[in-house]
Amino acid sequence: MAMGTAVTPARAEAPRVVTSVKPVQGLVAAVMGDVGTPEVLVEGTRSPHGYALTPSDARALAGADLVVWIGPSLSGFLGRALETTAEGVPVLTLIEADGIATMPFASGHHHGHDHGHDDEDAHHGEAHEDGHAHDHDEARAGEAEHDHDHDHGDEHGHDHDHGDTHDHGDDHGHEHGHEEGHAHGAGTDPHIWLDPENARLMLDAIAARLAEIDPANAAVYAGNAGAAKARVSALETELTREIGPFAERGYVVFHDAYRYFERRFGLHSLGAIAIDPEIPPGAERIVALRRSVRESGAACVFMEPQFDPAIVDTVIEGTGARKGVLDPLGSTLAEGPDFYQRLLRAMGDSFRTCLSGG
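Cut-off values and rules
Residues numbered from 1 in each chain as written. Predicted model: local features only at pLDDT ≥ 70, side-chain atom pairs only at ≥ 80, totals over all residues. Heavy atoms only, no water. Helix = DSSP H or I, 4+ residues; strand = E, 2+ residues; numbered from the N terminus. Contact = heavy atoms within 4.5 Å. Buried < 20%, exposed > 50% of the residue type's maximum accessible area, 1.4 Å probe, protein only. Arc of directions from axis to C-beta. Pairing = 2+ DSSP bridges. Axes fitted to C-alpha atoms, helices over the stretch in contact; angles between N-to-C directions. Parallel < 35°, antiparallel > 145°, perpendicular 65-115°, else oblique. Nonpolar A, V, L, I, M, F, W, Y, C, P; charged D, E, K, R; others polar. Phe/Tyr/Trp six-rings, centres within 6.5 Å; stacked < 30°, edge-to-face > 60°. Expected span 1.5 Å × (residues − 1).

Colleague: Would you mind going over the overall build of the protein in detail, with residue names and values included?
Modeller: When you go through the protein residue by residue, the secondary structure sums to twelve helices and ten strands. For the protein, the proportion of contacts with a sequence separation of at least 24, taken over those separated by at least 6, is 73%.

Colleague: Describe in detail helix H2 (residues 55-62), supporting the description with residues and values.
Modeller: Within the sequence span of H2, burial applies to Asp57, Ala60 and Leu61. Seen along its axis, H2 keeps its buried residues to an arc of 100°; they face one direction. In H2, the exposed residues that point more than 90 degrees away from the buried face are Pro55 and Arg59. For H2, the elements touching its buried residues are strand E1 (17-21), strand E2 (39-42), strand E3 (66-69) and helix H3 (76-83).

Colleague: Go over the sheet that holds strand E4 (residues 91-93), please, and point to the residues and values.
Modeller: Across the sheet, four strands lie side by side as E2-E1-E3-E4; this open sheet has parallel pairing. Each end of this open sheet is capped by a strand with a single partner; those strands are E2 and E4. Between one strand axis and the next, the sheet turns through 20° on average, direction left out of account. Relative to E4, E3 runs parallel, the two being bridged by three bridges. Each bridged residue has a counterpart across the sheet, and for Val68 the counterpart in E4 is Leu92. Docked against the sheet, H2 engages E1, E2 and E3, running at close to 140° with respect to E2. Against the sheet, H3 makes contact with E1, E2, E3 and E4, and its axis sits at roughly 155° relative to E3, the strand it touches most.

Colleague: Before we move on, could you go through the packing of helix H7 (residues 196-213) against helix H8 (residues 218-243) and cite the residues and values that matter?
Modeller: Interhelical geometry of H7 versus H8 gives an angle of 175° and a closest axis separation of 9 Å. Taken together, H7 and H8 sit at an angle that is classed as roughly antiparallel. Side by side, H7 and H8 meet where Pro196, Arg200, Leu203, Asp204, Ala207, Leu210 and Ala211 of the first sit next to Ala218, Tyr221, Ala222, Ala225, Ala228, Lys229, Val232, Ser233 and Glu236 of the second. Among the residues forming the contact of H7 with H8, the class breakdown is eleven nonpolar, one polar and four charged.

Colleague: Please set out the packing of aromatic side chains residue by residue, giving values where relevant.
Modeller: For any pair of aromatic rings, the description rests on two quantities: the centre-to-centre distance and the angle between the ring planes. The final tally for this structure, using the stated rule, is seven aromatic pairs. Seen from their ring centres, Phe254 and Phe307 are 5.0 Å apart, and the 10° between their planes marks the pair as stacked. Residue Phe254 is found in strand E7 (residues 251-255), and its partner Phe307 is found in the loop between strand E9 (300-303) and helix H11 (310-316); the two are separated by 53 residues along the sequence. Phe307 shares its class with Phe254; the two are buried. Ring geometry for Phe261 versus Phe351: centroids 5.5 Å apart, planes at 15°, classification stacked. One end of the pair, Phe261, is in helix H9 (residues 259-265); the other, Phe351, is in helix H12 (residues 339-356), with 90 residues separating them in the sequence. Side by side, Phe261 and Phe351 carry an identical accessibility label, which is buried. Aromatic ring contacts, followed pair by pair, group Tyr251, Phe261, Phe265, Phe302 and Phe351 into a single cluster.

Colleague: Please set out helix H10 (residues 283-296) residue by residue, giving values where relevant.
Modeller: In an α-helix, one full turn covers 3.6 residues, which means residues spaced three or four apart are oriented alike. The end-to-end C-alpha distance of H10 is 20 Å, a good match for the 20 Å that 14 residues give at a rise of 1.5 Å each. Among the residues making up H10, those that are buried are Arg285, Ile286, Ala288, Leu289, Ser292 and Val293. The buried residues of H10 occupy an angular sector of 165° when the element is viewed end-on, so they sit on one face. Counted as exposed and oriented over 90 degrees from the buried face of H10: Ala283, Glu284 and Glu295.

Colleague: Can you lay out the sheet that holds strand E8 (residues 269-274) for me, pointing to particular residues and giving the numbers?
Modeller: With parallel pairing, four strands are arranged side by side in an open sheet as E8-E7-E9-E10. Single-partner strands in this sheet number two, and they are E8 and strand E10 (322-325). Averaged over all pairs of adjacent strands, the angle between their axes in this sheet comes to 25°, without regard to strand direction. As defined by bridge partners, E9 adjoins E10 across four bridges and the pair is classed as parallel. Among the inter-strand pairings, Cys300 is bridged to a residue of E10, identified as Arg322. Contacts from H10 reach E7, E8 and E9, with the element oriented near 160° to E8.

It is worth stressing that arrangement in space is one thing and function is another; only the former is reported here.
This is the structure:
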C-alpha cells in the first residue's frame, strides 16, 4: 500500500465515535478514513481544563458506539458523563494503551480533574499559592534532565526507552478506564500525543478497538493506521533535522504542556509561566519570571491562543526575548485525517522560527 493511501470501506454505516479533544479526533479520523468522521467535544480555542459538557455533547455521548479520550487528567469534565450519560458505551482511554510512555508533571503543576467543585477549588488555590511562592526554575523542580544526545535514527521502533510505560492494554469497559485514569493521571502529564512515538501507538490502539466494534472494516482501519504511522515517522525525521540546530537555546512556555515534544526532540525549556493554566500568575511570579528570562538569556517566551497574550508581553518586557505561539491542541487548525501531522508541523515551525530568530 502506498504511504498515505486510504482503504475503501466495506460498509456504508459508520460507527459513531465521539472524541474528547482535537488531537484525539485527528488520530481517530486518520484511522477511520472514508469509513466515517468522528465527533469532537472540545472545539476551537476552548480548553479542556475548564470545559463543561453541553446538552448536545450529552446527546452525542449517549448515542455513541465508542468514546475515545486521553483520560481524566486532561478531560475531567468527561469522567462523570462516562458513568452516567454514556453508561454502557465502550471507552478507549489512550493514556492506558500498550506501550505509552508517560512523564510526571513538573513539581507544583495541577490539572483540575476532580469532579467535585470543592476539591477543584482546593487544587486551584494550592496552585495559585505555589505560583507566588516559586520562581520558574522551582516550577520545573523534579523534572527529569533532557537527554540532548537522543539517537533519533532508531526511534521509530517500539523497543527504545522513553520513560515509564503503561502496560494496561485497552480498557473494555469505561469503569476500568475511569478508575485507572485517576490513579495514573494524578501526577502524570496527559499531553502524550506530543510524542510521535506515542501517537503511533495510539493509532494502533484506535485501529484495534474500531476493529472490535466494526469487524467488517478491520482491514481498512489497520491499513489506514499503518499509512498514518508512516506519515508521522517521515515528519518526525524532518522535524528532528529542522529543530536540531536550535535545540540548546532556552525558552519559557506558557504552561507545562510540552515535555513529551521536548523530550523527543531534545529541546531545552527553562520553565513555565503558569503552574495551573486556568489561573493567571500573580504579580510576584511575573516579576520573578521576567528577571529569570533576562538573566538566563532565554531566546523565546511562548504564548498559547487559549490564554491572554498580555501575560507574555509583560514577561518579555525589557528582556530581549522574542514572543512565539505554541498550540498543543491545534485549536486554530481545521479537523481532518491529516490533523495530527499539521499539528506537529505547526509546533515544529513555531519552535524553529522563534528559537532561530527567523
